[in-house]
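Commentary on secondary and tertiary structure
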Amino acid sequence: MDSLLTAIFEPGFFTSEPVHTAMIIGGGAALVSGVVGVFTVMRGQSFAGHAVADVTSAGGSASFLLGINPLLGFLGMAVVAAGGMELVGIRRIRERDLVTGIVLGAGLGLTALFLYLDVTMGSTTGAANTVMFGSMFAIPAETIPLALIVGLGALVMVAVLYRPLLLSSVDPDLAEARGLPLRLIGFLHMLMLALAASLSAMTIGAILSTALLIGPAATALRVARRPGSAIVIAVLIGLSATWGGILLAYDSYYWTPGHGWPVSFFVVTLVFLSYVTTSRLGGDRQRRGATLPRVRHSTTGKA
Amino acid sequence: MFSSFMANTWIVASIVAAAAGFIGFFVVVRGSAFAAHALPLGTFPGAAAASLLGINALYGLILFAGLGVAGIIQLGRRGRHEVATALTLVALLGLGTLFLGLTREYSQEVYSLFFGQVLGISDSEIAPVAAISAIAIGATALLFRPLLISSLSPELGEARGVSNRRMEFCFLVILALATAVALPVVGALLVFSLMVGPASAARSLTDRPLSAMLMSVGIALVTVWTAIILSYVSDWPVGFFVGGLGAIAYAFGRAWFRARTVKLVRIANA
């Protein structure tokens with residue numbers, strides 16, 4: 001029994017400080033992303049979620065230049081991107097996707113610039129890898145309080161807005177008929193998304209954070225019958241993928257002596273497997289195709 | 001700027017811009033911005049995989065482009081389309097981190113695969129890009145009418161015997177092909193920005209499909225040329241300028257469109 005336990009938890013797993021920090025921040029990111037992600041998937045805004053997450057990389061790479069905590073950089077850029085997409089205020093799906101794409105292209109352009117300046121001005125090396133793919137074991141322990149504040153902020157927002165947010169996500173027409181301020185709710189949703197995306201970007205990297213945001217939520221919405229249980233399931237999947245990924249990455253130092261395998265790889269793979277294995281469980285319970293661009297895009301520029 | 005050292009840059013960038021502007025028209029009309037983002041980005045691990053196995057990078061890129069198309073179509077069958085695209089992308093990128101983790105020396109190239117390194121393109125890199133881009137443009141031109149019908153009105157398309165599913169598949173294959181070869185030369189970001197920005201501006205400027213398409217190619221060429229000049233002068237990365245110019249083109253298109261609509265309304269009211 002003892003040898004089995006040592007085989008799973010290689011020596012030093014529970015006493016290592018980097019592992020400790022990774023477990024806390026990774027767990028927080030999985031929790032917040034799972035909760036917010038359920039709404040993002042229900043609203044059919046996975047692309048927006050992905051774009052916000054990608055664009056945070058500009059903030060992450062700028063933080064090396066400015067010498068601030070990377071989480072602040074990720075967060076700042078996430079809020080700017082979310083605001084930029086939402087302020088354009090377009091509800092037609094194809095047009096919205098286009099704006100998202102434009103913001104994404106411009107934001108990644110900024111990333112290119114900041115990473116270039118990191119190398120030429122700050123002589124920071126390896127920033128590209130850290131920002132894009134994350135390095136969970138390299139997060140300094142000082143980041144924990146800030147991460148907890150960001151995560152708590154997102155959770156409080158969801159708790160306060162729970163009912164209107166849910167109604168506007170499931171049935172926008174009914175929500176509008178009841179007089180809910182749809183645009184304001186949409187904007188607040190993007191803000192939550194920004195908080196969640198910056199936390200995930202900190203842990204598994206800007207371009208991979210979509211995995212934690214969309215994967216567990218999409219899987220949960222397939223399995224669960226009610227939104228509340230979907231949130232619980234999404235959080236559980238996210239937490240097990242993140243902690244499982246940390247454990248596997250730690251153990252991988254013993255598989256290939258010298259260098260371990262990246263944490264982000266394991267987290268993303270576990271999330272992906274959970275989605276694929278549930279694909280036989282009856283498909284989406286939500287209205288299928290509700291998010292597909294079915295409306296003919298007419299030539300009006302304003303909506 | 002126009003020295004022989006830069007000649008290949010101008011040639012390859014123009015080819016890629018023309019193909020991106022051409023195909024970008026359909027990216028905009030079909031609302032496939034996410035796929036146009038995911039396919040180039042998800043293809044980049046192919047280069048890392050090829051370097052790990054010691055094979056030609058192009059094979060790795062084409063393999064990953066194929067995996068991207070298969071993932072989007074297959075997962076999209078049983079779930080939401082954009083969730084399928086997002087998860088296919090992160091799964092491919094997750095493999096990318098693994099390959100990068102295993103081949104330490106490769107990590108410097110991450111930057112150029114993402115954001116493009118258009119300077120210092122060798123002669124041997126031109127031919128494959130030109131050939132595949134020509135194939136992609138030719139295929140798009142051949143499928144012009146069915147693609148357009150299935151994009152604008154899927155119901156009408158089905159009634160006329162155009163299978164939407166087949167069109168979606170063809171279009172994704174064209175997208176994947178065009179981006180796979182352009183990727184190591186100009187980077188994932190550049191391909192994506194050139195597909196979305198110019199085409200969306202062109203669509204606001206005209207209602208006719210054919211002229212929108214030509215205009216999109218024109219704007220894409222001007223964008224990439226301006227970006228190369230600015231990048232040459234400032235020494236800043238070319239991807240930054242392409243992304244920024246794409247956004248400016250889009251904003252200009254919308255402003256132009258609004259002005260035009262206001263004028264039409266005034267004429268109608270008069």
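Residues numbered from 1 in each chain as written. Chains lettered and ligands numbered in written order. Predicted model: local features only at pLDDT ≥ 70, side-chain atom pairs only at ≥ 80, totals over all residues.

**Some remarks on the overall build of chain A**
Test applied: Numbering of helices and strands runs from the N terminus, with a helix taken as a DSSP run of H or I at least four residues long and a strand as a DSSP run of E at least two residues long. Working definition of a contact: two residues with C-beta atoms, positioned from the backbone, lying within 7 Å.
Regarding its fold elements, chain A presents twelve helices and zero strands. Traced from its N-terminal end to its C-terminal end, chain A shows the element sequence α-α-α-α-α-α-α-α-α-α-α-α. Contacts spanning at least 24 positions in sequence make up 78% of the contacts within chain A whose residues lie at least 6 apart.

**So, the overall build of chain B**
The line we're drawing: Radius of gyration means the value over C-alpha atoms here, while the globule rule gives 2.2 Å times the residue count to the 0.38 power.
Assigned secondary structure in chain B consists of twelve helices and zero strands. A compact globule built from 270 residues should have a C-alpha radius of gyration of about 18 Å, and chain B, at 19 Å, falls within 12% of that. Principal-axis analysis of the C-alpha atoms places the extent of chain B at approximately 70 × 50 × 30 Å. At a minimum sequence separation of 6, the contacts of chain B that also span at least 24 residues come to 76%.

**Some thoughts on helix α3 (residues 46-66) of chain A**
Along an α-helix, residues three or four positions apart point the same way, because every turn accommodates 3.6 residues. All names here are of chain A. Formally: Residue count minus one, scaled by 1.5 Å, sets the expected span of a helix. Partly exposed residues are those whose C-beta has more than 12 but fewer than 20 other C-beta atoms within 10 Å; with 20 or more the residue is buried, with 12 or fewer it is exposed, and the C-beta atoms are placed from the backbone.
For α3, built from 21 residues, the straight-helix expectation of 30 Å at 1.5 Å per residue is met to within 8% by its first-to-last C-alpha distance of 31 Å. With 19 of 21 residues buried, α3 lies mostly within the body of the structure. Two residues or fewer past α3, Gly 67 is found with a positive phi of approximately 70°.

**Considering the nonpolar core**
Where a protein is soluble and globular, its nonpolar side chains tend to be buried together. Selection rule: Each nonpolar core consists of buried Ala, Val, Leu, Ile, Met, Phe, Trp, Tyr and Cys residues. Their C-beta atoms, within 7 Å, join them into a set.
Counting residues in each nonpolar core, the largest one holds 195 residues, and the members touching the most others are A:Val38, A:Val52, B:Val16, B:Ile23 and B:Val191. When sequence neighbours within four positions are dropped, the list of residues in contact with B:Val191 reads B:Val16, B:Ala20, B:Pro40, B:Thr179, B:Ala182, B:Leu183 and B:Val186.

**Here we look at the environment of B:Leu93**
By secondary structure assignment, the location of B:Leu93 is in helix α4 (residues 81-102). Taking C-alpha positions, B:Leu93 is 32 Å from B:Met6, a pair spaced 87 residues apart along the chain. Residues within four places of B:Leu93 in sequence aside, it is in contact with A:Ile207, A:Leu208, B:Gly42 and B:Pro45.

**A short note on the interface of chain B and chain A**
Note the following rule: Three residue categories are used. Nonpolar comprises Ala, Val, Leu, Ile, Met, Phe, Trp, Tyr, Cys and Pro, charged comprises Asp, Glu, Lys and Arg, and polar comprises the others, including Gly.
At the interface, 48 residues of chain B touch 50 residues of chain A. Every element with two or more residues in the side of chain B that touches chain A is listed here: α2 (33-53), α4, α5 (108-115), α10 (188-205) and α12 (238-269) of chain B. Classifying every residue of the side of chain B that touches chain A gives 24 nonpolar, 18 polar and six charged.

**Thoughts on the packing of α2(B) against α10(B)**
Residue and element names in this part refer to chain B. For clarity, the cut-off: What counts as an axis is a line fitted to C-alpha atoms, over the stretch in contact for a helix, and the angles between N-to-C directions run from 0 to 180 degrees. Every angle not falling under 35 degrees, over 145, or within 65 to 115 is termed oblique; those three ranges are roughly parallel, roughly antiparallel and roughly perpendicular. Whether a crossing is left-handed or right-handed is set by the direction in which the near helix is turned from the far one by less than a right angle, anticlockwise for left-handed and clockwise for right-handed.
Packing of α2 against α10 leaves a shortest axis separation of 9 Å and a crossing angle of 165°. One element, α2, and the other, α10, form an angle in the roughly antiparallel class. You can see that α2 and α10 cross each other, and the crossing is right-handed. Here α2 contributes Ala 33, Ala 36, His 37, Pro 40, Leu 41 and Phe 44 to the contact with α10, which in turn contributes Ala 188, Val 191, Phe 192, Met 195 and Val 196.

**Quick word on the confidence of the model for chain B**
Put simply, the test is: A residue's pLDDT is the confidence the predictor assigns to it, expressed on a 0 to 100 scale.
In this model, chain B carries an average pLDDT of 86, and 96% of its residues clear a pLDDT of 70 or more. The secondary structure element of chain B with the lowest average pLDDT is α5(B), at 74, and the one with the highest is helix α11 (residues 209-234) of chain B, at 91.

**Considerations on the packing of helix α10 (residues 210-223) of chain A against helix α11 (residues 227-255) of chain A**
All names here are of chain A. In contact at an axis separation of 8 Å, α10 and α11 are set at 135° when each is read in the N-to-C sense. Relative to α11, α10 is oriented oblique. Note on packing geometry: the crossing formed by α10 with α11 is right-handed. Across from Leu 212, Pro 216, Ala 217, Thr 219, Ala 220, Leu 221 and Val 223 in α10, the residues of α11 making contact are Ala 230, Ile 233, Ala 234, Ile 237, Gly 238 and Ala 241. Across the contact of α10 with α11, the residue classes tally to eleven nonpolar, two polar and no charged.

**Points about unusual backbone geometry**
Residue and element names in this part refer to chain B. Although it is not a glycine, Asp 235 sits at a positive phi angle of roughly 75°. With respect to the helices, strands and loops of the structure, Asp 235 is situated in the loop between α11 and α12. Among the residues examined, Asp 235 registers 9 C-beta atoms within 10 Å and is labelled exposed.

**A short note on the environment of A:Leu75**
All names here are of chain A. If you trace the backbone, Leu 75 turns up in helix α4 (residues 70-87). Residue Leu 75 is classed as buried on the basis of its 26 C-beta neighbours within 10 Å. Separated by 41 residues in the primary sequence, Leu 75 and Tyr 116 place their C-alpha atoms 21 Å from one another. Residue contacts for Leu 75: discarding those within four places in its chain leaves Gly 59, Val 150 and Ser 198.

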